[in-house]
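Secondary and tertiary structure notes
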Number of protein chains: 2
Amino acid sequence: VPVELTLTALPGIPLVQAGDDLPELIIASLERIPLRLVDGDVVVLAQKIVSKAEGRRVDLNTVVPGSEALNLAEETGKDARLLHVILGESAGVVRSRPGLVIVEHKLGFICANAGVDHSNVSGHPDGDWVLLLPEDPDASASRMRSALENHFHARLGVLVIDSHGRAWRNGTVGVAIGVAGFPAVLDLRGEPDLYGDALRVTQVGAADELAAAASIVMGQAGEGRPAVLARGWPYSLGEGSLKDILRPEEMDLFR
Amino acid sequence: VPVELTLTALPGIPLVQAGDDLPELIIASLERIPLRLVDGDVVVLAQKIVSKAEGRRVDLNTVVPGSEALNLAEETGKDARLLHVILGESAGVVRSRPGLVIVEHKLGFICANAGVDHSNVSGHPDGDWVLLLPEDPDASASRMRSALENHFHARLGVLVIDSHGRAWRNGTVGVAIGVAGFPAVLDLRGEPDLYGDALRVTQVGAADELAAAASIVMGQAGEGRPAVLARGWPYSLGEGSLKDILRPEEMDLFR
């Protein structure tokens, strides 16, 4: 049997509202296929549905920008209220220029706009809404994992992912921002290669590779396919956390 | 029918030697499953088998390091002969410190050691061999594409991939270094989201996301599973090239 990984977009997940029970929506979608989760399956969630279920939206009409946001608005040409929200989600600004703000998010990763998202949040005539990232995506992933493991009596992994731009290369890619029951970074140090030599590549960004894979089937049209089942992950599940992925600033040559 | 992407490691690919006909090896492996390629399939190749088939190995015992390599060896503690080879593959050194050399490869991307690889090349008692990247990975991908399209009478994509470290995040991920018949970067600018708003994410690193996905099933043990079939890519194939992925230096805030 060849090694095979299958990424299946979970069908029929409705537009998510604050307070919705996400595990129930995932289970209902799986029953629609129908498909039972089994040991080793990994469920990958777009951050957007997690954030929406957790009520992480802010109406820009209620935001009064502070002086840092006003200065940054002058430099970048972006909405000062949006920048105020972004700065509130950030540990610091890493780079800025007209049209672009790259920050260290409070959660520790580097990304544009602190992951604050204007698209797919509107459609509400009663405000000018933006969506923040989940407050603790590892915890969001853990809650989903517990609920699904209890329902399916299987050992599962869960990722919460977003799309990030990168240094050096064009185009965004899916990356993990929350991890539960899954090795965020796979440590192969000491594993022999085909000739018995030590491997060159020793730490694999496992959660990020799976996030990128799931991102392909999610597409970018927001909530259309916001959850993906990954079946056939060829390693053990193990444990992991977003923290494993974050390179400490003192070890990072590129910020 | 749910959107589904399947990544299948092609079985039974032997250790590749210089001069081997890679398309023949891929076709033989597909016949072993058995599986016929169809319109929309993408074949993903580890750079290592492409480089080996193209004879891109160098015996370090034949290398006389120049002064730049000797200076870099002093700084980094790495083998001066290896550094001489790395510098020959590079447009310039981006960062260096003990144990680490990050360069702009002549092909335009930023990576450690110019992709020059010591593991899985030895097992040859007659030298101390390292493997360079393919000379023109887009062309390597194009040759494979032509051969497979002719054989299967189908419209196919081909990627040549490597594992790269990244700024800010731990762990390597699969990235595309050669592209044929595939949109390296997917431009969704102007596409509406679920509410009719313009999308936040507009340029998707499609080839890199698929490279990361294929990298999962390849594993890191070198040539064990060096080729992967991706079936179910949910967009049109289109055309693309490594150049589409490379962010021009003047647009790059992180080098």
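Reference entry: report on the structure contained in this document. (Residues numbered from 1 in each chain as written. Chains lettered and ligands numbered in written order. Predicted model: local features only at pLDDT ≥ 70, side-chain atom pairs only at ≥ 80, totals over all residues. Heavy atoms only, no water.)

This brings us to the interface of chain A and chain B. With 80 residues of chain A at the contact, the number on the chain B side is 80 residues. Of the roughly 7,100 Å² buried where chain A meets chain B, counting both sides, 55% is carbon and sulfur surface. One can count 4 salt bridges joining chain A with chain B. Among the ionic pairs, R166 of chain A bridges to D208 of chain B, the shortest N-O distance being 2.6 Å. The interface formed by chain A and chain B includes 40 residue pairs in polar contact (both at pLDDT 80 or more). In terms of residues, the side of chain A that touches chain B owes the most to one element, helix α6 (residues 206-218) of chain A, which gives 8 residues. Split by residue class, the side of chain A that touches chain B holds 40 nonpolar, 21 polar and 19 charged. (Contact = heavy atoms within 4.5 Å. Buried area = accessible area lost by both parts, 1.4 Å probe. Salt bridge = Lys/Arg side-chain N within 4 Å of Asp/Glu carboxyl O. Polar contact = N/O pair within 3.5 Å; in protein donor to acceptor, adjacent residues only side chain to side chain. Helix = DSSP H or I, 4+ residues; strand = E, 2+ residues; numbered from the N terminus. Nonpolar A, V, L, I, M, F, W, Y, C, P; charged D, E, K, R; others polar.)

Residue and element names in this part refer to chain B. Counted residue by residue, strand β9 (residues 173-180) has 8 buried out of 8 residues, so it is predominantly covered. Examined bridge by bridge, strand β8 (residues 157-164) and β9 share 7 bridges and lie antiparallel to one another. Residue pairing for β9: V160 is matched across the bridge by G178. (Buried < 20%, exposed > 50% of the residue type's maximum accessible area, 1.4 Å probe, protein only. Pairing = 2+ DSSP bridges.)

The two copies are related by a screw motion: chain A maps onto chain B through a turn of 180 degrees and a shift of 0.0 Å along the axis, at an RMSD of 0.0 Å. Both copies of the chain, as the preceding transformation shows, are related through a two-fold rotation axis. Taken as a fraction of all interface residues of chain A, those also at the interface in chain B reach 100%, which identifies the copy contact as same-surface. (Least-squares fit on C-alpha atoms with pLDDT ≥ 70 in both.)

Below, the discussion takes up the environment of S163 of chain B. Considering the arrangement of structural elements, one finds S163 of chain B in strand β8. For the pair S163 of chain B and Q220 of chain B, spaced 57 residues apart in sequence, the C-alpha to C-alpha distance is 8.9 Å.

This part covers the side chain of T6 of chain A. Tracing the chain through its elements places T6 of chain A in strand β1 (residues 4-9). In contact with T6 of chain A, not counting residues within four places along its chain, are L229, A230 and R231 of chain A together with E4, L5 and T6 of chain B.

This paragraph deals with the pattern of salt bridges. Applying the stated criterion across every chain yields a total of 32 salt bridges over all chains. Residues E89 of chain A and K106 of chain A are paired through a salt bridge, measuring 3.9 Å at the closest nitrogen-oxygen approach. Here the residue E89 of chain A occupies a position in the loop between α4 (80-88) and β4 (90-97), and K106 of chain A occupies one in the loop between β5 (100-105) and β6 (110-112), the gap between them amounting to 17 residues. K106 of chain A sits in the exposed class, given a relative accessible area of 54%. Between R169 of chain B and D208 of chain A there is a salt bridge whose closest N-O contact spans 2.8 Å. Placement of R169 of chain B in the loop between β8 and β9 and of D208 of chain A in helix α6 is noted, with the two residues assigned to different chains. Of the two residues, R169 of chain B and D208 of chain A, both sit in the buried class. A single salt-bridge network, built from bridges that share partners, covers R56, E89, K106 and E135 of chain A.

Looking now at the packing of α6 of chain A against helix α6 (residues 206-218) of chain B. Two elements in contact, α6 of chain A and α6 of chain B, have axes separated by 8 Å at closest approach and are oriented at 125 degrees. Taken together, α6 of chain A and α6 of chain B sit at an angle that is classed as oblique. The crossing of α6 of chain A and α6 of chain B is left-handed. Packed against α6 of chain A, whose contacting residues are E209, L210, A212, A213, S215 and I216 of chain A, the element α6 of chain B presents E209, L210, A212, A213, S215 and I216 of chain B at the interface. Considering only residue class, the contact of α6 of chain A with α6 of chain B consists of 8 nonpolar, 2 polar and 2 charged. (Axes fitted to C-alpha atoms, helices over the stretch in contact; angles between N-to-C directions. Parallel < 35°, antiparallel > 145°, perpendicular 65-115°, else oblique. Left-handed = near helix turned anticlockwise from the far one by under 90°.)

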